[in-house]
Amino acid sequence: MQSSMSRALRCVSRRAGVAVHTQATRRTLSFSTPSSASAVILNSTRRQYATSAPDPATLPGLDASKLKVTLNEKRSTPPPSSELKFGSTFTDHMLTVKWTSETGWGDPQIQPFGDLPMHPGAMVLHYALTAFEGMKAYGDPSGRVTLFRPDKNMERLNRSVARVTLPTFDGGELIKLIKELVKLDAHWIPTEPGHSLYVRPIMLGTQPTLYVGPTNEALLYVVCSPVGPYYKTAIKPVALLGTDKYIRAAPGGTGGYKVAVNYAPAVVPQMEAEAAGYDQNLWLFGPEYQLTEVGSMNLFLVLRTKDGATELVTPALGDLILPGVTRDSILAIARGHASGKAPIDGLPKDLVVSERKIDMAEVKQAASEGRLLEVFGAGTAAIVSPVDRIGWEGKDIMIPCGEDGAGPVTKTMLREIVGRQYGRIPSEWCVVVKEGEA
Ligand SMILES: *Cc1c(COP(=O)(O)O)cnc(C)c1O
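Remember, it's a predicted structure, so these values are computed and weren't measured experimentally.

## Details of the overall build of the protein chain
Each helix and strand in the protein chain was counted, giving 10 helices and 19 strands. For the protein chain, the residues scored as buried account for 52% of the 438 residues in total. Put simply, the protein chain shows about 19,700 Å² of open surface, and 55% of that area lies on carbon and sulfur atoms.

Below, the structure is given as structure tokens:
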């Protein structure tokens, strides 16, 4: 009894290093602190593992000035843009940075793209200690390369990693490193309209142990993949199946974080929706069948209100909703218009913008009264994805999409966001990686 007690104590103190990064984190975080939920978890972890580990304030943070570059000797030729399949082609280089609770962030490396060495006991492989981001670099024929609101992706990745005990980092430093990687592989960015370079930052908990707990080793890396347009020819509306048999997220769950655990379980529901003749799930929640998200995109609806105004509705953020960068951008553009500060051609004059609950009963009623004007998904991959049909209770609710596949609000948002991504519409959201040649 005694000895197992002291063994347990030894075990705790051996693992004391693990919670240390939480303080380092707070010190180095430039864009945001972890959400209160993560902070509570990490604080209680810190209490649990009373510390004898290095003072986190002395540990090195992520530092782009320490970058080491090893060029790929065997460069490959980017395939013709018409042959790109989403996410299956990778560029010549990748960025990797290691972290340990004893030594903090190591030197960032840009190195030839290739396999990662991985211990079979690495925590990520067993317990999904991983979180990721999806962002894009946009190129034009002059050679100019831009990113769109990368600070938002860094802020979100910091929240997501903290939720699964991974170390946070200085987002500004990771943006600098991503710019270097994108510049080096800039010739991989297809410049045809609608094409881009998908940039995937991801962090893994790599401590080799079958123990379930906070990791004391992590790997941050970034890979890039040239992608074609979401819509090959014209905009194509999608059909959604209202799904109440499965949920994507729940109060107290991880739906508000881009953590890998949210995605694998969504594949079976997606396949079932396809088998039933639809393109994607409409994730519903609770006894009132609250609408939450579409596949892995945020959801927007355009309604005519009973007093004749036009309302743009999206569910409010919280545990059920991933805080999308596209969602935030659409809301900002719509609010700028609605307030009269930045009017947008193509948006209705009497626009009301709401982040609120909306359930299937309201959608059904609005549709039956001809007040359901538009429905669309929003995310980095497609920007907007118009919906023309929602399967629910064995029937289809039809949504007008017009001749060109999307309603006026959907189309206007697409134009406004694409314009800002490529810098054609001046905006502080557009971050230049590399200027083009005139
Ligand atoms: C990534 C993601 C989104 C969209 O976020 P963007 O930042 O706009 O790309 C929406 N919902 C889920 C579940 C996601 O994973």
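## Thoughts on helix α6 (residues 171–184)
Residues spaced three or four apart along an α-helix face the same direction, because each turn holds 3.6 residues. Relative to the 20 Å expected for 14 residues at 1.5 Å per residue, α6 spans 20 Å between its end C-alpha atoms, a close match to the ideal helical length. Inspection of α6 places Gly171, Glu173, Leu174, Ile175, Leu177, Ile178, Leu181 and Val182 among the buried residues, and these make up the whole buried set. With a side-chain oxygen positioned 2.8 Å from the backbone nitrogen of Gly172, the residue opening α6 is Asp170.

## Observations regarding helix α8 (residues 325–338)
In this model α8 runs 20 Å from its N-terminal to its C-terminal C-alpha over 14 residues, within 8% of the 20 Å that 1.5 Å per residue would give. Along α8, 10 of the 14 residues are buried, which leaves the element largely enclosed by surrounding structure. Restricting attention to buried positions, one finds in α8 the residues Val325, Thr326, Arg327, Ser329, Ile330, Leu331, Ile333, Ala334, Gly336 and His337. Once α8 ends, the next one or two residues include Gly340, with phi positive near 85 degrees.

## Side note on the side chain of Arg159
Here Arg159 lies in helix α5 (residues 150–163). The side chain of Arg159 is buried and forms no salt bridge, while Glu155, the nearest opposite charge, is found at 6.5 Å.

## Regarding the UniProt feature "modified residue: N6-(pyridoxal phosphate)lysine" (unreviewed entry) in the protein chain
Taken from the UniProt record, the annotation "modified residue: N6-(pyridoxal phosphate)lysine" (unreviewed entry) applies to Lys258. Among the secondary structure elements, Lys258 is positioned in the loop between β10 (238–243) and α7 (267–275). Leave out the neighbours within four places in its chain, and Lys258 touches Ala131, Phe132, Glu133, Gly134, Arg156, Ser160, Tyr263 and Leu322.

## Points about the environment of Ala260
Looking at the element boundaries, Ala260 is found in the loop between β10 and α7. Take Ala260: its relative accessible area is 28%, and that puts it in the partly exposed class. The residues contacting Ala260, other than those within four sequence positions of it, are Thr130 and Phe132.

## Observations regarding unusual backbone geometry
Look at Thr165: it is not a glycine, yet its phi comes out positive at around 65 degrees. Its identity is not glycine, yet Glu393 carries a phi of approximately 55 degrees, on the positive side. Its place among the elements puts Glu393 in the loop between β17 (383–392) and β18 (395–398).

## Overview of the packing of α5 against α6
Where α5 contacts α6, the two axes come as close as 9 Å, and the packing angle between them is 125 degrees. As the angle between them shows, α5 and α6 are arranged oblique. For α5 against α6, the interelement crossing comes out right-handed. Each of Pro150, Asp151, Met154, Leu157 and Asn158 in α5 lies in contact with α6, whose residues at this interface are Gly171, Leu174, Ile175 and Ile178.

## Topic: the packing of aromatic side chains
One pair of aromatic rings is described through two measures. These are the centre distance and the angle between the planes. A full pass over the atoms with the stated rule returns 7 aromatic pairs. Aromatic pair Tyr138 and Tyr422: ring centres 5.0 Å apart, planes at 65 degrees, arrangement edge-to-face. Of this pair, Tyr138 sits in strand β6 (residues 135–139) while Tyr422 sits in the loop between α10 (408–421) and β19 (430–434), and the two are 284 residues apart along the sequence. Ring geometry for Phe148 versus Trp429: centroids 5.8 Å apart, planes at 90 degrees, classification edge-to-face. Placement of the pair is Phe148 in strand β7 (residues 145–148) and Trp429 in the loop between α10 and β19, with a sequence separation of 281 residues. Trp429 sits in the buried class, given a relative accessible area of 15%. Against the face of Tyr257 rests Arg163, its NZ or CZ located 5.9 Å from the ring centre.

## A closer look at the pairing of strand β13 (residues 297–304)
Counting buried positions along β13 yields 7 of 8 residues, so the element is predominantly enclosed. Of the pairings in the sheet, the one linking strand β12 (residues 290–294) to β13 comprises 2 bridges and is antiparallel in character. Residue pairing across strands places Val294 opposite Met297, the latter belonging to β13. Between the antiparallel neighbours β12 and β13 lie 2 residues, among them Gly295 with a positive phi of about 50 degrees. Direction of pairing for β13 relative to strand β14 (residues 310–314): antiparallel, over a ladder of 4 bridges. Bridge assignment links Leu303 to a residue of β14, and that residue is Glu311.

## Focus on the site of the ligand
Taken together, 14 residues form the shell around the ligand, and within it Lys258, Tyr263, Glu293, Thr326 and Thr380 come nearest. A distance of 2.8 Å separates an oxygen atom of the ligand from a polar side-chain atom of Arg156. Thr326 places a side-chain nitrogen or oxygen 2.6 Å from an oxygen atom of the ligand. Residue assignment for the shell around the ligand shows that the elements contributing at least two residues are β13 and α8.

## Section: a nonpolar patch on the surface
Residues Tyr127, Leu210 and Val212 make up a contiguous nonpolar surface patch of roughly 310 Å² in combined accessible area. Mapped onto the fold, Val212 is located in the loop between β8 (196–205) and β9 (217–227).

What counts and what doesn't
- Residue numbers here run from 1 along each chain, matching the order of that chain's written sequence.
- Owing to the predicted nature of the model, reporting of local features is limited to residues with pLDDT of at least 70; listing and counting of side-chain atom pairs is limited to 80 or more, with chain, interface and lining totals taken over all residues.
- Excluding hydrogens and water, the side-chain figures rest on all heavy atoms present in the structure.
- Numbered from the N terminus, helices here are DSSP runs of H or I no shorter than four residues, and strands are runs of E no shorter than two.
- Only protein chains enter the calculation, and the probe is 1.4 Å; a residue is then buried if its accessible area is under 20% of its type maximum, exposed if over 50%, and partly exposed in between.
- Surface exposure here means Shrake-Rupley accessible area, sampled with a 1.4 Å probe, where a residue is shielded only by the protein chains that are shown.
- In this scheme, a helix's expected span is set at 1.5 Å multiplied by one less than its residue total.
- As used in this structure description, the phrase polar contact means that two N or O atoms lie within 3.5 Å; if the pair is within protein, one of them must be able to donate a hydrogen and the other to accept it, and residues adjacent in sequence are counted only when both atoms belong to side chains.
- When charges are counted, Lys and Arg contribute as positive and Asp and Glu as negative, whereas His and the chain ends are disregarded.
- One speaks of a salt bridge when a side-chain nitrogen belonging to Lys or Arg is within 4 Å of a carboxyl oxygen belonging to Asp or Glu.
- UniProt positions are given in the numbering used here, feature names are shortened, and annotations may be inferred rather than shown by experiment.
- We call two residues in contact when some of their heavy atoms are within 4.5 Å.
- Every axis corresponds to a line fitted to the C-alpha atoms, with the helix fit spanning only the stretch in contact, and the corresponding angles, defined between N-to-C directions, vary from 0 to 180 degrees.
- With respect to orientation, any angle under 35 degrees is reported as roughly parallel, any angle over 145 as roughly antiparallel, any angle of 65 to 115 as roughly perpendicular, and every other angle as oblique.
- Throughout, a crossing is termed right-handed when the near helix is turned clockwise from the far one, and left-handed when it is turned anticlockwise from it by less than a right angle.
- Note on aromatic pairs: the rings of Phe, Tyr and Trp (six-membered ring only in Trp) are paired at centre separations within 6.5 Å, and the planes decide the class, stacked below 30 degrees, edge-to-face beyond 60, tilted for the rest.
- Criterion for a charge above a ring: Arg CZ or Lys NZ at most 6 Å from the ring centre, at most 35 degrees from the ring normal.
- In this analysis, strands are considered paired if DSSP registers two or more bridges between them.
- Here a residue is considered near a molecule or strand provided that any single heavy atom belonging to it is located within 4 Å of it.
- Patch definition: residues with relative accessible area over 30% and no salt bridge; like charges joined within 9 Å; nonpolar side chains (Val, Leu, Ile, Met, Phe, Trp, Tyr) joined within 5 Å.

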